[in-house]
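Geometric and topological summary
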Amino acid sequence: FSFVSGQYRAHSDAAGVLPQPGTIFGVRYQWLVGGPANIVGELSRVSSERRVLDPDLPGACPPTPPRDCKLISVYRWPLYIADFGLALNLTGSRSYRHFVPEGRAGLGLVSDFHSVADVGEFSFGSRMFVSYGMALRWMPTGRTQLRVEFLNRAHTAKYPETYYALAPDSSRILTRLQSDSLCAVKGCTSSSQPSFWLNNRSLTIGLSWLFGR
């Protein structure tokens, strides 16, 4: 059983409306199934912020939109993460000089618990993600251990049609050309409703208590 905390590096997006980087903290339970295999479950919270845009506001938004382009305000926007997966001890069932390197992969859900879209019709909502990463555990004698973990969580995102529509002053947040360029870089899952993959990395330090040692 572990308490973990660190930094969540949310990936930036073209419109700048997705949740931003912040501090992550949570709890984690890891069960040694047998040999090098572990089942992992983790619940965590990210102290994030998000920019809310109004597509109908006047303002010129060039190919690289300024941070105040059609901006209403920046709001606190925490994220909640449930992550489940499999971890493998790379040194097998033993440690090497009290250190155990570990590989991990899994699936999970990230949510802001907002069921209604904002004024610009954008909603982050709840998204499934794929997670993978590496950890290093230090296991001295006794029932405590320290762990450092690097993890990437990859999920999709997409913008509403309002982000491409013209405002009364003929300005818009994004152009279709920008969307095509974004797809070329990020990889879109659909040409009619372009959604793109984003990598969100975290680096955490954890303090663990071992029950079965």
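Our subject is the structure listed above.
Residues numbered from 1 in each chain as written. Predicted model: local features only at pLDDT ≥ 70, side-chain atom pairs only at ≥ 80, totals over all residues. Heavy atoms only, no water.

1. As for the overall build of the chain
The condition that has to hold: Helix and strand definitions here come from DSSP, where helices need a minimum of 4 consecutive H or I residues and strands a minimum of 2 consecutive E residues; each element is numbered from the N-terminal end. The contact rule is simple, with two residues in contact once any of their heavy atoms fall within 4.5 Å. Only the protein chains shown count as covering a residue, and every accessible area follows the Shrake-Rupley method with a 1.4 Å probe.
On a plain count of helices and strands, the chain comes out with one helix and 10 strands. Shown N-terminal to C-terminal, the secondary structure of the chain runs as helices and strands in the order β-β-β-β-β-β-β-β-β-α-β. Sequence separation of at least 24 residues holds for 65% of the intrachain contacts in the chain that already meet a minimum separation of 6. Accessible area for the chain stands at about 11300 Å²; split by element, carbon and sulfur atoms hold 63% of it.

2. Concerning the side chain of Arg-153
Keep this limit in mind: Summary of the burial criterion: residues with accessible area below 20% of their type's maximum are buried, those above 50% are exposed, and those between are partly exposed, where the area comes from a 1.4 Å probe applied to protein chains only. Each polar contact in these results corresponds to two N or O atoms within 3.5 Å; when the atoms are within protein, one needs to be able to donate a hydrogen and the other to accept it, and residues that are neighboring in sequence are counted only if both atoms are side-chain atoms.
Mapped onto the elements of the fold, Arg-153 is located in strand S9 (residues 144–158). Residue Arg-153 is classed as buried on the basis of its relative accessible area of 2%. Of note is the side chain of Arg-153, whose polar atom sits 3.2 Å from the side chain of Ser-202. Not counting residues within four places of it along the chain, the set of residues in contact with Arg-153 comprises Tyr-8, Ile-24, Glu-42, Ile-81, Asp-83, Phe-129, Val-130, Ser-131, Leu-198, Asn-199, Asn-200 and Ser-202.

3. Description of unusual backbone geometry
A positive phi angle is found at Arg-97, which is not glycine, with a value near 55°. Its place among the elements puts Arg-97 in the loop between strand S6 (79–89) and strand S7 (99–111). Here Arg-97 falls in the exposed class, since its relative accessible area comes to 64%.

4. Remarks on the packing of aromatic side chains
How two aromatic rings sit relative to each other is given by the distance of their centres and the angle of their planes. Keep this limit in mind: Stacked, edge-to-face and tilted labels apply to pairs of Phe, Tyr and Trp rings (six-membered ring for Trp) whose centres lie within 6.5 Å, assigned for plane angles under 30 degrees, over 60, and everything in between, in that order. By definition, being over a ring means that NZ of Lys or CZ of Arg is both within 6 Å of the ring centre and within 35 degrees of the ring normal.
Inspection of every chain in the model, using the stated rule, returns six aromatic pairs. Their ring planes at 50° and their centres at 5.4 Å tell us that Tyr-159 and Phe-196 sit as a pair that is tilted. You can see Tyr-159 sitting in the loop between S9 and helix H1 (176–186) and its partner Phe-196 sitting in strand S10 (residues 195–209), a full 37 residues away along the chain. For the pair shown, Tyr-159 and Phe-196 are each scored as buried. What links up through ring pairs into an aromatic cluster is the set Phe-122, Tyr-159, Tyr-163 and Phe-196. Taking the ring centre of Trp-77 as reference, the NZ or CZ of Arg-50 above it sits at 4.3 Å. When the ring centre of Phe-124 is taken as origin, the NZ or CZ atom of Arg-127, which lies over that ring, is 4.8 Å away.

5. Some thoughts on the environment of Gly-120
Here Gly-120 shows up in the loop between S7 and strand S8 (126–138). The sequence separation of Gly-120 and Thr-162 amounts to 42 residues, and the corresponding C-alpha distance is 6.6 Å. Those residues in contact with Gly-120 that sit more than four places away from it in its chain are Leu-53, Pro-55, Pro-160, Thr-162 and Tyr-163.

6. Concerning the pattern of salt bridges
Applied cut-off: Salt bridges are defined as contacts in which a side-chain nitrogen from Lys or Arg sits within 4 Å of a carboxyl oxygen from Asp or Glu.
As enumerated under the stated definition, the model contains 12 salt bridges in all. Note that Asp-118 and Arg-50 form a salt bridge whose closest N and O atoms lie 2.7 Å from each other. Taken as a pair, Asp-118 in the loop between S7 and S8 and Arg-50 in strand S4 (residues 49–53) lie far apart in primary sequence, 68 residues in all. The same class applies to Asp-118 and to Arg-50, which are both buried. A network of salt bridges, in which partner residues are shared, links Arg-28, Glu-42, Asp-83, Glu-102, Arg-104, Arg-137, Arg-147, Glu-149 and Arg-153.

7. Focus on the pairing of S6
Working note: regular strand, side chains alternate between the two faces of the sheet. Counted only if it meets this: In this scheme, strands are said to pair when DSSP sees at least two bridges between them.
Covered by surrounding structure in S6 are Leu-79, Ile-81, Asp-83, Gly-85, Ala-87 and Asn-89 only, the residues Tyr-80, Ala-82, Phe-84, Leu-86 and Leu-88 on the alternate face being uncovered. With 10 bridges joining them, strand S3 (residues 37–47) and S6 adopt antiparallel strand pairing. If you follow Val-40 over to S6, its bridge partner there is Gly-85. Pairing geometry for S6 and S7, over 10 bridges, is antiparallel. Each residue of the ladder has a partner; that of Gly-85, found in S7, is Gly-106.

8. Considering the sheet that holds strand S2 (residues 22–34)
To keep it simple, the criterion reads: Every angle, taken between N-to-C directions, lies between 0 and 180 degrees, and every axis is a line fitted to C-alpha atoms, over only the stretch in contact when it is a helix.
Read around the closed barrel, eight strands run S1-S2-S3-S6-S7-S8-S9-S10, paired in antiparallel fashion. Between one strand and the next, the sheet's axes are offset by a mean angle of 25°, whatever the strand orientation.

9. A few points about the pairing of S3
Bridge count between S2 and S3: 11 bridges; the pairing is antiparallel. The residue bridging Gly-26 from the neighbouring strand is Ser-44, located in S3. Count of turn residues in the S2/S3 antiparallel hairpin: two residues, of which Gly-35 carries a positive phi of about 60°.

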